[in-house]
Amino acid sequence: MDQLKRQAAARALEEVQDGMQLGLGTGSTAKHFVELLGERVRAGLKVIGVPTSEVTRADAERCGVPLTTLDEIDRLDLTVDGADEIDPALNLIKGGGGALLREKIVAAASDRMIVIADDTKWVATLGRFPLPVEVIPFGLGATRRAIEKAFASCGVSGQMAVRKAKDGHVFVTDGGHWIVDAQLGRIEDPARLAEALSAIPGVVEHGLFIGLVSSAVLAGGDGIRVVERRKPKGD
Ligand SMILES: O=C(CO)[C@H](O)[C@H](O)COP(=O)(O)O
């Protein structure tokens, strides 16, 4: 599986050109991309990256990839990131690694986003992977009830749990927030659900990435498949 992730990362690296400003994703697949990018940088490629998490920042620094922030620059040419699920419209569930907020800010600031994954992430309908919803700890009970209402209004329901870290304590995101993971099974209308969740005051962000991806690079036993989004981003 790790080999497939690296293959997908290597294919995405072919899209990187000298002088590009890049968004650097988070997770085990995105880590391969950062490592391979670092090899190219050490061989003379000139790029600058914006990391989507503190973990990716540390990886990029270790690999020698020069970094900047979205305060220093306005736009990114390309973001390369992983995903937990990818549907045929190239909508995603992200946030398994807990970096969904910065990942979405970076993706939204990018002209193009390439999602890289092994082909087990490809699904007909999003929802089997628990949907991460990043929340403010204050008033969590009220926020959870509002989330349940939003789910019901979109015809979905399922158990919700505050994410725990490996040490058993509540998982805290880079932004200091918590994550509620919702086991929904099937999300028939992810765009509608995304809108409903975004309207809740205690929800900082959610893991539905709608209309942000330009193309998906999927690595499987039969090789690499590149799926392009039908309409260019922004249209
Ligand atoms: O959204 C993410 C982190 O917030 C990751 O991209 C997603 O969890 C996929 O990770 P991996 O490549 O390790 O399977």
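Residues numbered from 1 in each chain as written. Predicted model: local features only at pLDDT ≥ 70, side-chain atom pairs only at ≥ 80, totals over all residues. Heavy atoms only, no water.

Trainee: Tell me what's going on with the environment of Arg128, and back it up with residues and numbers.
Mentor: Within the element layout of this structure, Arg128 appears in the loop between strand 6 (110–118) and strand 7 (131–135). Remark: the alpha-carbon pair of Arg128 and Ala182, spanning 54 residues in sequence, is separated by 9.8 Å. (Helix = DSSP H or I, 4+ residues; strand = E, 2+ residues; numbered from the N terminus.)

Trainee: Can you break down the packing of aromatic side chains residue by residue, with the values?
Mentor: One pass over the structure, following the stated rule, counts zero aromatic pairs. If you follow Lys94 out to its NZ or CZ, it ends over the ring of Phe209, 5.7 Å from the centre. A cation over an aromatic ring shows up here: Arg163 above the ring of Phe171, its NZ or CZ 5.6 Å from the ring centre. (Phe/Tyr/Trp six-rings, centres within 6.5 Å; stacked < 30°, edge-to-face > 60°. Lys NZ or Arg CZ within 6 Å of the ring centre and 35° of its normal.)

Trainee: Please provide a residue-by-residue account of the environment of Asn91, values included.
Mentor: Relative to the elements of secondary structure, Asn91 occurs in the loop between strand 4 (85–86) and strand 5 (92–93). The buried category is assigned to Asn91, whose relative accessible area is 11%. Distance in space between the C-alpha atoms of Asn91 and Arg163 is 23 Å, their sequence separation being 72 residues. When sequence neighbours within four positions are dropped, the list of residues in contact with Asn91 reads Glu85, Ile86, Leu126, Pro190, Phe209, Ile210 and Gly211. (Buried < 20%, exposed > 50% of the residue type's maximum accessible area, 1.4 Å probe, protein only. Contact = heavy atoms within 4.5 Å.)

Trainee: Just give me the short version of the side chain of His206, but keep the residues and values in it.
Mentor: Looking at the element boundaries, His206 is found in strand 10 (residues 203–206). Taking the relative accessible area as the measure of exposure, His206 reaches 2% and is therefore buried. Polar side-chain contacts of His206 include one of 3.1 Å to the backbone oxygen of Ala194. The contact partners of His206, leaving out residues within four places of it in the chain, are Leu100, Lys104, Pro132, Val133, Ala194, Leu197 and Ser198. (Polar contact = N/O pair within 3.5 Å; in protein donor to acceptor, adjacent residues only side chain to side chain.)

Trainee: Talk me through the pattern of salt bridges; I want residue IDs and the actual numbers.
Mentor: A full pass over the atoms with the stated rule returns 16 salt bridges. A salt bridge links Glu14 to Arg11; the shortest N-O distance between them is 3.6 Å. Looking at Glu14, the relative accessible area reads 57%, which means it is exposed. Taking the relative accessible area as the measure of exposure, Arg11 reaches 24% and is therefore partly exposed. Note that Arg186 is salt-bridged to Glu188, the shortest N-O span being 2.8 Å. Given the relative accessible area of 57%, Glu188 is considered exposed. Residues joined in a network through salt bridges with shared partners are Arg6, Glu35, Glu39, Asp59 and Arg62. (Salt bridge = Lys/Arg side-chain N within 4 Å of Asp/Glu carboxyl O.)

Trainee: Would you mind going over the domain arrangement of the protein chain in detail, with residue names and values included?
Mentor: Here the protein chain is partitioned into domain 1 (2–122 + 210–221) and domain 2 (131–202). Taking only C-alpha atoms into account, the centre of domain 1 sits 24 Å from that of domain 2. Tallying the contact residues gives 14 residues for domain 1 and 14 residues for domain 2. Here domain 1 and domain 2 share an interface that buries about 900 Å² over both sides, 64% of which is from carbon and sulfur atoms. Considering only the side of domain 1, the residues that lose the most area to domain 2 are Ile93, Leu100 and Ile210, jointly responsible for 41% of the buried surface there. (Domains from an automatic or database assignment. Buried area = accessible area lost by both parts, 1.4 Å probe.)

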